[in-house]
Amino acid sequence: MSKLYIVPTPIGNLEDITLRAIRILQETDLIFAEDTRVTKKLLNHLDISKPAHPFHAHNEHKSLSSAVDKIKANTSTVLVSDAGTPGISDPGFLLIRACIAQNIEIECLPGPAALIPAIVSSGFPCDRFVFEGFLPHKKGRQTRLLAIAEEKRTTVLYESPHRLVKCLGQIMEFMGEDKQVCVAREITKMYEEYKRGTAKEIKAYYEAHPPKGEIVIVIQGKEGK
Ligand code: SAM
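Grouped together as the largest cluster of nonpolar side chains are 19 residues, with contacts concentrated most on Leu168, Ile171, Met175, Val183, Ile217 and Ile219. Listed by contribution, the elements that provide at least two residues to this core are helix H6 (141-150), helix H7 (164-175), strand S8 (180-185), helix H8 (199-208) and strand S10 (215-219). Sort the elements by how many residues they give to this core and H7 lands first, with six residues. Setting aside chain neighbours within four positions, we find Ile219 in contact with Phe124, Ile148, Arg153, Thr154, Thr155, Leu157, Ile171, Met175, Lys179, Gln180 and Val181. Among the nonpolar cores identified, the runner-up in size contains 17 residues, and Ala21, Leu46, Ala52 and Leu109 belong to it.

This part covers the site of the ligand. Residues in contact with the ligand amount to 19 residues; listed here are only the nearest, Thr85, Ile88, Asp90, Tyr158 and Ile215. Within the backbone of Thr85, an N or O atom sits 2.9 Å from an oxygen atom of the ligand. Taking Asp90, its side chain carries an N or O atom lying 2.8 Å from a nitrogen atom of the ligand. Protein chains shield 90% of the accessible area of the ligand, which is 570 Å² for the free molecule. Among the elements of the structure, strand S7 (154-159) and S10 are those that each provide at least two residues to the shell around the ligand. Counting the residues that make up the shell around the ligand, at least three belong to each of domain 1 (3-108) and domain 2 (115-219).

With the rule as written, the count across this model stands at 15 salt bridges. The shortest N-O distance in the salt bridge between Glu107 and Lys3 comes to 2.5 Å. Remark: Lys3 occurs in strand S1 (residues 3-6) and Glu107 occurs in strand S5 (residues 105-108); sequence separation between them is 104 residues. Note on Lys3: relative accessible area 15%, which makes it buried. Via salt bridges that share partners, Lys3, Arg20, Glu105 and Glu107 belong to a single interconnected network.

Let us look at the side chain of Glu159. Following the sequence through the fold, Glu159 ends up in strand S7. Side-chain polar atoms of Glu159 contact the side chain of Arg141, separated by 3.2 Å. A polar atom in the side chain of Glu159 sits 3.3 Å from the side chain of Arg163.

Turning to the side chain of Gln170, a few remarks are in order. Looking at the secondary structure, you find Gln170 in helix H7. According to the relative accessible area criterion, Gln170 is buried, its value standing at 15%. A polar atom in the side chain of Gln170 sits 2.7 Å from the side chain of Arg141. Not counting residues up to four positions away in its chain, the partners in contact with Gln170 are Arg141, Leu145 and Met175.

Attention now goes to helix H1 (residues 19-27). Ala21, Ile22, Ile24 and Leu25 are the residues of H1 that are buried. All buried residues of H1 project into a common sector of 165° when viewed along the axis, lining one side. Turned more than 90 degrees from where H1 packs its buried face, Leu19 and Glu27 sit exposed. Tucked inside the fold, the buried residues of H1 contact S1, strand S2 (30-33), helix H2 (36-45) and strand S4 (76-80).

One covalent bond between the sulfur atoms of two cysteine residues makes up a disulfide. Counted by the stated rule, this structure contains zero disulfides. For the unlinked cysteine Cys99, the closest cysteine sulfur is that of Cys108, found at 13 Å. We classify Cys99 as buried; its relative accessible area is 0%. Among the cysteines around Cys182, which has no disulfide bond, Cys126 carries the closest sulfur, lying 12 Å off.

Cut-offs and rules
Residues numbered from 1 in each chain as written. Predicted model: local features only at pLDDT ≥ 70, side-chain atom pairs only at ≥ 80, totals over all residues. Heavy atoms only, no water. Core = buried A, V, L, I, M, F, W, Y, C linked by side-chain atoms within 4.5 Å. Buried < 20%, exposed > 50% of the residue type's maximum accessible area, 1.4 Å probe, protein only. Helix = DSSP H or I, 4+ residues; strand = E, 2+ residues; numbered from the N terminus. Contact = heavy atoms within 4.5 Å. Near = heavy atom within 4 Å. Polar contact = N/O pair within 3.5 Å; in protein donor to acceptor, adjacent residues only side chain to side chain. Areas by Shrake-Rupley, 256 points an atom, 1.4 Å probe, with all protein chains shown as cover. Domains from an automatic or database assignment. Salt bridge = Lys/Arg side-chain N within 4 Å of Asp/Glu carboxyl O. Arc of directions from axis to C-beta. Disulfide = S-S within 2.5 Å.

Below, the structure written as C-alpha cells:
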C-alpha cells in the first residue's frame, strides 16, 4: 500500500516544524520537493541525510505520471514545497488529485501556512474568510478586485513586495480609501511586521518605507464584518 504525505515546512522560523513532520521525513522512502536546494537546507538542519527529488511547478503537468508511478513503487512518499503547505499557492494540487484518482492514500499534516497567522493576527473576523492567493497580474485582476469589494467575509491575499503599493492603490480604487486592511510581512522571521489601518494609511506607510520580504494582505469584509 502506497501513501503520499503532504508535509508543511517552516515559512521562516525553522523551529516551526512538527515532531511528526520530522519523523515522517526521517522514515519516508522518497521525498519530492519544489526546489531540491531549498529542501536540502532544511534536511541538513534536521540531520536527515536523504536526497530530495525535484517536483517543479513549471513541469507539474509533465512530471505527473512519472511521479505517480514512483509513488506507487514506494510505501511512503513525502511532498514538500519551499515553505508552508504544498498546494497552497504552491505545487501539489495536481499530484494530489492524480493520486486520489489512482486510489493512493493521501495524508496532509497540519503545519505552517502564511495565511493562518496573518488572518488571526489581523484582528478581523476569522470565523469565516476567503483565501484568494495571488491575484492575477493583468487579465482577470479587476474582476477579482470587484468581487472582493462585495465580499462580506475577510479576504486574504498573497502579494509580492514590489507590487504591494500598487495593490493597496487598487484596494483604495475598488473598495474605498477607508477600507480597513492589515499587511503581515515576514511572518515568523526576524523583521516580522503587522501594519493595520485604512488602505490609504498603509499605502502611504509603504510608499515611505518600501517593503522587502514576503507579504500577506488581509482585507476587512464589506460592512465591517
Ligand atoms: N505554501 C505557502 C503557504 O502555505 O503559505 C505559500 C507559498 S507562496 C509561493 C509564497 C507567498 O506566501 C509569499 O509571496 C507571501 O505572499 C506568502 N508568504 C510565505 N511566507 C511568508 C511569510 N513568512 N510572511 C508573509 N508572507 C509569507
